[in-house]
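Examination of the molecular architecture
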Amino acid sequence: MRAAAAILALALAAAAAGCQKSRRVLHEKAPLAARPESIALGSLEAGPKSPPLSMKNPYEGNAYAETEGQRLYGWYNCSGCHFRGGGGIGPALMDDVWIYGKEPGNVFATIVEGRPNGMPSWRGKIPDYQIWQIVAYIQTMKAERGVSAAPGPRQEHLQAGEGRTSR
Amino acid sequence: MKRAAPGTLLLLSTGCRARYAVFDTASPEAHRIANLHWLMLGICVAVAVAVLALLGIALVRRDRGRYSDGSARRVRAVAAGAAVSAFLLLVLLVASVLAGREITAPGGPQALEVRITGHQWWWEISYPGSSPSEEVVTANEIHVPVHRPVRFLLSSGDVIHSFWVPRLNGKKDLIPGRLTRHIFQVDRPGVFRGQCAEFCGYQHAHMGFVVVAEDPARFDAWLAAQRGIAAEPAGPSAVHGRTVFLSSPCVLCHTIRGIGAFGHKAPDLTHVASRTMIAAATLHNTPGNLAGWILDAPRVKPGTRMPPNTLAANDLLDLVAYLESLR
């Protein structure tokens, strides 16, 4: 009896976790709410000295946000330099080498501020919630992450192909 | 349209509003489809009435006689029924094939060519010119001349959509990676509502557009005006609005030709003020609607690709003033 109750509780917990993973927010109310205040211009430093910024990605592990991030990654032409994560003109994103820090907060700061030698600043151009979605997607590129979280259960947002790519 | 069916028309127009009334046709193609419908309806009603009448006769007469007439008469009756059925089905088949041929005829060399690309959840419309700089790109509002065939080349940038203007022709899918063709010729000036007819995501139901049919002279004037680059802002408010546009997220996705905004993921806004509707024919193009849409588009259409924007009040007002000046 007790074993049955435990199994039931486990199943419920798993189901609840699953719901959370594919939760969709179709209406972001506060686009600038997630901005970490500790990020400022002027303290750019190359090399491993960047301190880990411990901001938590509000979309951590959310499959819908990861697919949205994947769309935006192509939409805002991140792929133009970083390609599909393998790098080329810009550094690779799927390996474990992070010049400016690998924590979600560091990646967020890098996108917002821009970095020397090529990475433009997207401050004020990409809404913050979308930057967090892109960060969530970038984190799925790592090899140690399972594929279970991304992309979402219904892949309606994946690009099926380009009919006419330009205008 | 047959005047003989006012009851049906009334029923339909109360049910789905006149702008989608498929029997209120405005093109030869839609007229052909409506005629085919009336033919099919007429034959099917006649067959249903005949079958029920024969059934009734059989029920009344079942006790009479003892089937002593022999089998020859029954065989003749069954053969006659099969022959009549086959003939009527053949009539319907021929009528359907002929109508299908007519509504997909390519339209000849004098046809106007319009390219349409479906996006989640809006329509990109382009009129190819003799050179790339002559090309006209707009969104969600298709202008066509009357009495001239218009050939549409349809494609999609993401998922399958379907192009449907109920009063002008049937549906045609927009399929990623391939071109499909569609055609109609509008009989009279007017504004006709169109709608995506293939489920394509959250805002499928609000993925509308309008077809504006006008006299050839007015159409040519419209096309010439659309070819130009964006109007210079008049006045300090609009000038500041342009600066706001270029320094905000707008510029990443929208194009305004002539000011260095080249985003191509969202509708071209070079002549946005000349359109009657915004947000894929969901809102009327008024300054209030435009401001609300810029500030919080997902509140109007949850799931839309247009993000909410945080702008200072004077920035927003100037931005709207600038956009409303782009005629």
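Data block above holds the structure.
Quantities reported herein were computed from a predicted structural model and do not represent experimental measurements.

Looking only at helices and strands, chain A has five helices and zero strands in total. When the helices and strands of chain A are listed from N to C terminus, the series reads α-α-α-α-α. Intrachain contacts of chain A at a sequence separation of at least 6 include 70% that bridge at least 24 residues. Counting every atom, chain A has about 9300 Å² of accessible surface; 61% of that belongs to carbon and sulfur.

Here we come to the sheet that holds strand β4 (residues 141–145) of chain B. Residues and elements named next belong to chain B. On the basis of which strands lie adjacent, the open sheet formed by five strands has the order β4-β10-β9-β6-β7 and mixed pairing. Since the sheet does not close on itself, it has two edges, and those belong to β4 and β7 (171–174), each with one partner. Mean inter-strand twist for the sheet, computed between neighbouring axes without regard to direction, equals 25 degrees. For strand β6 (residues 161–164) and strand β9 (residues 190–196), the ladder comprises two bridges, and the chain directions are antiparallel. Pairing of Trp164 across the sheet is with Gln195, part of β9. On top of the sheet, helix α4 (residues 216–227) reaches β4 and β10 (208–214); it is set at about 135 degrees to β4, its chief contact.

Together, B:Leu90, B:Leu93, B:Val94, B:Val97 and B:Leu98 line one region of the surface with nonpolar side chains, adding up to about 440 Å² of accessible area. Here B:Val94 lies in helix α3 (residues 71–103).

Another point: helix α7 (residues 287–300) of chain B. All names here are of chain B. Here α7 contains 14 residues, and its C-alpha end-to-end distance of 15 Å is more than 12% below the 20 Å for a straight helix at 1.5 Å per residue. Remark: the principal bend of α7, roughly 80 degrees, maps to Ile294, with a proline, Pro298, within the next four residues. Taken as a whole, α7 has its buried residues at Leu290, Ala291, Trp293, Ile294, Asp296, Ala297 and Pro298. Those residues of α7 that are buried are in contact with β13 (277–278), β14 (283–284) and α8 (313–324).

Counting buried positions along β10(B) yields seven of seven residues, so the element is predominantly enclosed. Burial along β10(B) is two-sided: B:Gly208, B:Val210, B:Val212 and B:Glu214 facing one way and B:Phe209, B:Val211 and B:Ala213 facing the other are all buried.

Take α4(B) next. Residue and element names in this part refer to chain B. Taking 1.5 Å as the rise per residue, α4 with twelve residues should run 16 Å; its terminal C-alpha atoms sit 16 Å apart, in good agreement. All of the buried residues along α4 are Phe219, Trp222, Leu223 and Gln226. Buried residues of α4, seen end-on, are gathered within an arc of 95 degrees and therefore sit on one face of the element. Looking at the buried side of α4, the elements it contacts are β1 (112–119), β2 (122–127), β3 (136–139), β4 and β10.

Turning our attention to the environment of B:Met277. Residues and elements named next belong to chain B. Tracing the backbone shows Met277 in strand β13. By relative accessible area, Met277 is classed as buried at 16%. Here the alpha-carbon distance between Met277 and Leu290, two residues 13 residues apart in the chain, equals 9.7 Å. Residues in contact with Met277, not counting those within four places in the same chain, are Glu141, Arg193, Thr282, Leu283, His284 and Asn285.

Rules of the game
All residue numbers refer to position in the chain's written sequence, counted from 1. Whichever chain is written first becomes A and whichever ligand is written first becomes 1, with later ones labelled in order. Predicted model: local features are reported for residues with pLDDT of at least 70 only, side-chain atom pairs are reported and counted for 80 or more only, and whole-chain, interface and lining totals are derived from all residues. Working from all heavy atoms in the structure, the side-chain values ignore hydrogens and water. A helix here means a DSSP run of H or I that spans at least four residues, while a strand means a run of E at least two residues long, and both kinds are numbered starting from the N terminus. We call two residues in contact when some of their heavy atoms are within 4.5 Å. Computed with the Shrake-Rupley method and a 1.4 Å probe, the accessible areas treat only the protein chains shown as cover for residues. Pairing between strands is defined by DSSP: at least two bridges between the two strands are required. Between N-to-C directions, angles span 0 to 180 degrees; the directions come from axes that are lines fitted to C-alpha atoms, helices contributing only their stretch in contact. Residues enter a patch when their relative accessible area is above 30% and they make no salt bridge; the linking distance is 9 Å between like charges and 5 Å between nonpolar side chains (Val, Leu, Ile, Met, Phe, Trp, Tyr). When a carboxyl oxygen of Asp or Glu is within 4 Å of a side-chain nitrogen of Lys or Arg, the pair counts as a salt bridge. Helices are assigned an expected span. That span is 1.5 Å times one less than the residue count. Two axes enter the definition of the bend at a residue: one is fitted to the seven residues ending there, the other to the seven starting there, and the bend is the angle between them. Burial classes: relative accessible area under 20% of the type maximum marks a residue as buried, over 50% as exposed, and values in between as partly exposed (1.4 Å probe, protein chains only). Directions drawn from the helix axis to the C-beta atoms are what define this arc.

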